[in-house]
Protein chains: 2
Amino acid sequence: MMKKFEEKTIHTEQIFNGKVVNLQVDEVRLPNGKTSKRELIKHPGAVAVIPITKDNKIVFVEQYRKPLEKSLIEIPAGKLEPGEKPEKTALRELEEETGYRSNQLDFVSSFYTSPGFADELMYIFITKEIEKVKDPLSPDEDEFVEIIELTLDEAIEYVQQQRIHDAKTNYAILYLEMLERM
Amino acid sequence: MMKKFEEKTIHTEQIFNGKVVNLQVDEVRLPNGKTSKRELIKHPGAVAVIPITKDNKIVFVEQYRKPLEKSLIEIPAGKLEPGEKPEKTALRELEEETGYRSNQLDFVSSFYTSPGFADELMYIFITKEIEKVKDPLSPDEDEFVEIIELTLDEAIEYVQQQRIHDAKTNYAILYLEMLERM
């Protein structure tokens, strides 16, 4: 069932092997017997966490997103390391980016961010038990972030202003709105 | 404000120019004066539409997603053509992929699918005024899709089974759940 309209690989051309993504072009056999090409981005997958403070604020990070040439306000997130469990990545990225530590996570959802051309799978967790630590893990050397704590109403305003404007964070805010109505 | 922690481009290397994506590697100046590299996927942007039938079913398409080597059930979607308005793309893709035509769209949301490495912006619309047409536009030559109409409860089950498992469609279903509770 999950192989419906399968496109079998005839030939794979490796174009690029990077730190974050690999790019390959596959020649495929279509269901009607014809051939076509598929441009495929390989990505290790990613994890994001919705951190909620004791006074019910959501912790975001603002960072520059080079592909967009602007900064966005997002929930903390990061790439999966090879073999690493998503929960571990989530707790590490939370601490590195925000200085908050947690030992508890609930799974919210997972989704492919852009299945037409990339295999990136995003996991989203939520934690309501976070503590500021004195000596947190450091962010990556080339990572510059600022912490922003917002109420849900403020976050919804930021969505309207498109300062919050990415899939995982928009999803997180819709999820929190949903929880409020339940 | 939206340029916080700006990373200025020192040098751009074009790696690949494809039909769907371009890939470049930028050398950038970080806020601390050091340099780093950014792998950037350029994408024309995309549009998706949530089509609701008169008897309140959601129209999905199942298609093979080569990057994942499996098929997914998604709301109809497609790439923006250069200079094309998202509303026009939405109506065209709806008709090509499902055989339904509509003249009415409401904007739901837009989001960057994966702002860490790609500039793809996804627009989501909803339409509740759709009509099956006898002679619909044809799908792209290399596109094979099957139409699936589901109630919201059935769609939620498919999310749990991960047969629905991509950002735009998961977002759409959460949005419809939200509407139901309002």
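Reading the values: rules and limits
Residues numbered from 1 in each chain as written. Chains lettered and ligands numbered in written order. Predicted model: local features only at pLDDT ≥ 70, side-chain atom pairs only at ≥ 80, totals over all residues. Heavy atoms only, no water. Helix = DSSP H or I, 4+ residues; strand = E, 2+ residues; numbered from the N terminus. Buried < 20%, exposed > 50% of the residue type's maximum accessible area, 1.4 Å probe, protein only. Areas by Shrake-Rupley, 256 points an atom, 1.4 Å probe, with all protein chains shown as cover. Lys, Arg positive; Asp, Glu negative; His and termini not counted. Charge placed at Lys NZ, Arg CZ, Asp CG, Glu CD. Contact = heavy atoms within 4.5 Å. Buried area = accessible area lost by both parts, 1.4 Å probe. Salt bridge = Lys/Arg side-chain N within 4 Å of Asp/Glu carboxyl O. Patch = residues over 30% accessible without salt bridge, like charges linked within 9 Å, V, L, I, M, F, W, Y side chains within 5 Å. Expected span 1.5 Å × (residues − 1). Axes fitted to C-alpha atoms, helices over the stretch in contact; angles between N-to-C directions. Parallel < 35°, antiparallel > 145°, perpendicular 65-115°, else oblique. Left-handed = near helix turned anticlockwise from the far one by under 90°. Nonpolar A, V, L, I, M, F, W, Y, C, P; charged D, E, K, R; others polar. UniProt positions renumbered as here; feature names shortened; annotations may be inferred.

Let's shift gears to the overall build of chain A. Looking only at helices and strands, one finds 3 helices and 12 strands in chain A. Viewed in the frame of its principal axes, chain A has a C-alpha envelope of about 60 × 40 × 30 Å. A buried classification covers 55% of the 182 residues belonging to chain A. When the accessible surface of chain A is summed, it comes to about 8400 Å², and 46% of that surface belongs to carbon and sulfur atoms. Between the averaged position of the 25 positive side-chain charges in chain A and that of its 35 negative side-chain charges there is a distance of 6 Å.

Right, let's get into the interface of chain A and chain B. Counting residues at the interface gives 74 residues for chain A, matched by 74 residues for chain B. Here chain A packs against chain B, burying approximately 6800 Å² in sum over the two surfaces, 64% of which is carbon and sulfur. Counting the contacts that link chain A with chain B gives 4 salt bridges. Of the charged contacts, one joins A:Asp142 and B:Arg38 as a salt bridge, the two residues approaching to 3.0 Å between their closest N and O atoms.

Residue and element names in this part refer to chain A. Among the surface-exposed residues, Asp 153, Glu 154, Glu 157 and Glu 180 lie close enough to one another that they form a single negatively charged patch. Looking at the negative patch element by element, the count peaks at 3 residues for helix H2 (residues 152-160). With respect to the secondary-structure elements, Glu 180 resides in helix H3 (residues 167-181).

Oppositely charged side chains may form a pair once their charged atoms are brought near each other. The final tally for this structure, using the stated rule, is 24 salt bridges over all chains. Taking the shortest distance from any N to any O, the salt bridge between B:Glu146 and A:Lys4 comes out at 3.0 Å. Of the two residues, B:Glu146 sits in strand E12 (residues 145-150) while A:Lys4 sits in the segment before strand E1 (8-17), which places them in two different chains. Overall, the relative accessible area of 26% leaves A:Lys4 in the partly exposed class.

Now for H3(A). Residue and element names in this part refer to chain A. The end-to-end C-alpha distance of H3 is 21 Å, a good match for the 21 Å that 15 residues give at a rise of 1.5 Å each. By the criterion of burial, H3 is predominantly enclosed, with 11 of the 15 residues buried. Within the span of H3, buried status applies to Ala 167, Lys 168, Thr 169, Asn 170, Tyr 171, Ala 172, Ile 173, Leu 174, Tyr 175, Leu 176 and Met 178.

Quick look at the packing of H3(A) against helix H3 (residues 167-181) of chain B now. One way to put it is that H3(A) packs onto H3(B) with a least axis distance of 10 Å and a crossing angle of 20°. As summarised for this structure, H3(A) and H3(B) are arranged roughly parallel, according to the angle between their axes. Considering how the two elements wind past one another, H3(A) and H3(B) form a crossing that is left-handed. Across the interface between the two elements, A:Ala167, A:Asn170, A:Tyr171, A:Leu174, A:Tyr175, A:Glu177, A:Met178 and A:Arg181 of H3(A) pack against B:Ala167, B:Asn170, B:Tyr171, B:Leu174, B:Tyr175, B:Glu177, B:Met178 and B:Arg181 of H3(B). Tallied by class, the residues present in the contact of H3(A) with H3(B) amount to 10 nonpolar, 2 polar and 4 charged.

Mapped onto this numbering, the UniProt entry gives "domain: Nudix hydrolase" (unreviewed entry) at residues 41-177 of chain A. Along residues 41-177 of chain A one finds 24% helix and 36% strand; the C-alpha atoms at either end are 33 Å apart.

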